[in-house]
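Each chain is listed here by its residues.
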Amino acid sequence: MPEQSLPAVVEGRSSWRLMSTRTRVETVLICVVFAVYVGFALKLLLFSRPPGSERSFNLIPFGSVADFLFSGSVGVRNLAFGNIAGNVILFVPLGAYVSVLTNWTAARTMIIVASASIAVEVLQGVFGLGASDVSDVILNCLGGLIGIQLILLLRLLLRKRYRVRTVVAVLSIVALPVLSCLLFGIRLRM
């Protein structure tokens, strides 16, 4: 009888080792894709323009957005819409990845997202790397909040953190080539 229970224990141990290795691989994969995402975001936000090429500050929420949207030019309105969507979409992964890689609350994760957004806008203003706009901070925070909410929804649907990690790892595998192409494309335009 003891011989029959021994294989179950051995299977349990190998299963535990396999799960532990799987978790490590998923974590490394998520961290690698997160690093590529951060590189892409930094390249896009800070290093896609020569220093001193543009320096403007807007502290009126959605003031510049309203100016663009209500301009007579269709091209300017399309640019405004692209800017709004881009600011939101660019920060969705930040909220999602920070939520997956930490055990922080949504509020603490939002503080990280807001801090990153504010830091980018301050650096853009100080070094003349783009327009510093409070609207961008608001839109970036909205994107980060969407990312956090998506992870919370996955946790609700999948009920286990390791399942959420697996889904994010698979999505990261899909996203890695896309991010790499975007990063390479931005590098070519400089």
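Structural data are supplied above this passage.
Values in this document were obtained by computation on a predicted structure and should not be read as measured data. (Residues numbered from 1 in each chain as written. Predicted model: local features only at pLDDT ≥ 70, side-chain atom pairs only at ≥ 80, totals over all residues. Heavy atoms only, no water.)

1. Comments concerning the overall build of the chain
Next up, step 1: Of regular secondary structure, the chain possesses six helices and two strands.
Next up, step 2: Helices (α) and strands (β) of the chain occur, in sequence order from the N terminus, as α-β-α-α-α-β-α-α.
Next up, step 3: Across the 190 residues that make up the chain, the buried fraction comes to 34%.
Next up, step 4: Long-range pairs, those at least 24 residues apart, make up 78% of the contacts in the chain between residues at least 6 apart in sequence.
Next up, step 5: Accessible area for the chain stands at about 11700 Å²; split by element, carbon and sulfur atoms hold 73% of it. (Helix = DSSP H or I, 4+ residues; strand = E, 2+ residues; numbered from the N terminus. Buried < 20%, exposed > 50% of the residue type's maximum accessible area, 1.4 Å probe, protein only. Contact = heavy atoms within 4.5 Å. Areas by Shrake-Rupley, 256 points an atom, 1.4 Å probe, with all protein chains shown as cover.)

2. Topic: helix α5 (residues 134-158)
Given 3.6 residues per helical turn, the α-helix brings residues three or four places apart onto the same face.
Next up, step 1: With 25 residues, α5 ought to run about 36 Å at 1.5 Å a step, and its terminal C-alpha atoms sit 36 Å apart, in line with that.
Next up, step 2: Burial in α5 covers these residues: Ser-135, Asp-136, Val-137, Leu-139, Asn-140, Cys-141, Gly-143, Gly-144, Gly-147, Ile-148, Ile-151 and Arg-155.
Next up, step 3: Of the residues that open α5, the one with a side-chain oxygen 2.9 Å from the backbone nitrogen of Ser-135 is Asp-133.
Next up, step 4: Where α5 terminates, the next one or two residues include Arg-159, which has phi positive at roughly 65 degrees. (Expected span 1.5 Å × (residues − 1). Polar contact = N/O pair within 3.5 Å; in protein donor to acceptor, adjacent residues only side chain to side chain.)

3. Digging into the side chain of Thr-109
Next up, step 1: Residue position: Thr-109 is located in helix α4 (residues 106-127).
Next up, step 2: The exposure class assigned to Thr-109 is buried, which follows from its relative accessible area of 0%.
Next up, step 3: Dropping the residues within four chain positions of it, Thr-109 is found in contact with Gly-95, Val-98, Ser-99, Trp-104 and Ile-148.

4. Some details on the pattern of salt bridges
Side chains bearing opposite charge may pair, as long as their charged atoms lie close to each other.
Next up, step 1: In the structure shown here, the tally under the stated rule is one salt bridge.
Next up, step 2: Between Arg-22 and Glu-26 there is a salt bridge, with its nearest N and O atoms 3.2 Å apart. Taken together, the residues Arg-22 and Glu-26, both in helix α1 (residues 2-45) and four residues apart, mark about one turn of the helix. (Salt bridge = Lys/Arg side-chain N within 4 Å of Asp/Glu carboxyl O.)

5. Digging into the layout of surface pockets
Take a probe with the size of a water molecule and roll it over the atoms, and the empty space left behind shows itself.
Next up, step 1: Taken as a whole, the second largest pocket holds about 180 Å³ of empty space.
Next up, step 2: Lining of the second largest pocket is provided by 13 residues; of these, Ala-41, Leu-42, Leu-94, Ala-116 and Val-120 occupy positions nearest its centre.
Next up, step 3: Within the residue set of the lining of the second largest pocket, elements represented by two or more residues are α1, α3 (74-101) and α4.
Next up, step 4: With six residues, the top contributor of residues to the lining of the second largest pocket is α1. (1 Å grid on protein atoms, 1.4 Å probe; cavity = no way out; pocket = protein on both sides within 12 Å on 5 of 7 lines; lining within 4 Å. Points joined across faces, edges and corners; volume = space filled by probe spheres on them.)

6. Some details on the packing of aromatic side chains
Each pair of aromatic rings is reported with the distance of its centres and the angle of its planes.
Next up, step 1: Taken as a whole and assessed by the stated rule, the structure comprises two aromatic pairs.
Next up, step 2: Between Phe-34 and Tyr-97 the ring centres are 5.4 Å apart and the planes differ by 55 degrees, which places this aromatic pair in the tilted class. Taken together, the positions of Phe-34 in helix α1 and Tyr-97 in helix α3 put the pair 63 residues apart, joining distant regions of the chain.
Next up, step 3: What makes Phe-34 buried here is its relative accessible area of 18%.
Next up, step 4: By the ring-pair criterion, three or more aromatic residues cluster together here, those being Phe-34, Tyr-37 and Tyr-97. (Phe/Tyr/Trp six-rings, centres within 6.5 Å; stacked < 30°, edge-to-face > 60°.)

7. Some points on the nonpolar core
Next up, step 1: Membership of the largest hydrophobic core comes to 24 residues, with the highest contact counts inside it found for Tyr-37, Leu-90, Leu-94 and Val-168.
Next up, step 2: Counting only elements with at least two residues in this core, the list comes to α1, α3, α4 and α6 (161-189).
Next up, step 3: Residues in contact with Tyr-37, not counting those within four places in the same chain, are Leu-90, Phe-91, Pro-93, Leu-94 and Leu-179.
Next up, step 4: Membership of the second largest hydrophobic core comes to five residues, among which are Met-110, Ala-114, Val-137 and Cys-141. (Core = buried A, V, L, I, M, F, W, Y, C linked by side-chain atoms within 4.5 Å.)

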